Each structure stands twice: as structure tokens, then as C-alpha cells.
Amino acid sequence: MAIDPVTLGLTGAIAGIQQARHDFNEYGQGAAGYGKRFGANYADSVAGTFIGGAILPSLLKQDPRYFYQGSGSAGSRLLHAIESPVISRGR
């Protein structure tokens, strides 16, 4: 995630939009302001990924991976797909 080109591109686009809208005026304008916005957005994205994908599941003893349910009725498989992002397996 930390060097994902899509994440880098989206972070750059968000920083550009923030600069065009003059969000976070403390950062200023120009290349320095854009760099500060980019760095802040990227750090926020990486921290959120690490906290949500590694630290909290480890502390809460949960497994955040999605487990495919290949058998059962269509309704039970649909229910499994809907609840899996919300309810994770404990270890």
C-alpha cells in the first residue's frame, strides 16, 4: 500500500484539489504548499491503512481477510458476503 501507484495518484489529485480550493491555507501555495498537502494526505492514508488493517485487528484478535463461501444457498452466500466486511472472525 505504501508505494501503490493508484494511492500515489489519488493522493496527488486530492492535494491538487485542496490547493486549487485554498484548503489548509497554512500550507501556502506553490510547490511547497502542494508538497505539504501531498505529504499530509499520504501520511493520513498510510496511517489509516496500518491502523485499520494491521494494528486494530491484531489488538482485537480478529482476522480481517474475506473467506469465500463456495457452498450453500444463494441467500446464505449473499448474507455471508454482506456481513463479512462488518463481522470478522476471531482467533
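Residues numbered from 1 in each chain as written. Predicted model: local features only at pLDDT ≥ 70, side-chain atom pairs only at ≥ 80, totals over all residues. Heavy atoms only, no water.

*Asks:* I'd love a proper account of the overall build of the chain, names of residues and values included.
*Replies:* A tally of regular secondary structure across the chain gives 3 helices and 2 strands. In sequence order, the chain lays out its α and β elements as α-α-β-α-β. Across the 91 residues in the chain, those meeting the buried criterion constitute 16%. Sequence separation of at least 24 residues holds for 41% of the intrachain contacts in the chain that already meet a minimum separation of 6. Approximately 6,600 Å² of the chain is accessible, and the part contributed by carbon and sulfur atoms is 65%. (Helix = DSSP H or I, 4+ residues; strand = E, 2+ residues; numbered from the N terminus. Buried < 20%, exposed > 50% of the residue type's maximum accessible area, 1.4 Å probe, protein only. Contact = heavy atoms within 4.5 Å. Areas by Shrake-Rupley, 256 points an atom, 1.4 Å probe, with all protein chains shown as cover.)

*Asks:* Residues and numbers for a nonpolar patch on the surface, please.
*Replies:* On the surface, a nonpolar cluster with roughly 610 Å² of combined accessible area is contributed by Phe50, Ile51, Ile55, Leu56, Leu59 and Leu60. Looking at the secondary structure, you find Phe50 in helix H2 (residues 30-59). Here Phe50 falls in the partly exposed class, since its relative accessible area comes to 49%. (Patch = residues over 30% accessible without salt bridge, like charges linked within 9 Å, V, L, I, M, F, W, Y side chains within 5 Å. Salt bridge = Lys/Arg side-chain N within 4 Å of Asp/Glu carboxyl O.)

*Asks:* Outline H2, listing residues and values.
*Replies:* With 30 residues, H2 should reach 44 Å at 1.5 Å per residue; the first-to-last C-alpha distance of 42 Å fits that figure. A maximum bend of about 40° is found in H2 at Ile51. Those residues of H2 not exposed but buried are Gly33, Arg37, Asn41, Tyr42, Val46 and Pro57. Phi turns positive, to about 55°, at Lys61, one or two residues after H2. (Expected span 1.5 Å × (residues − 1). Bend = angle between axes of the 7 residues up to and from the residue.)

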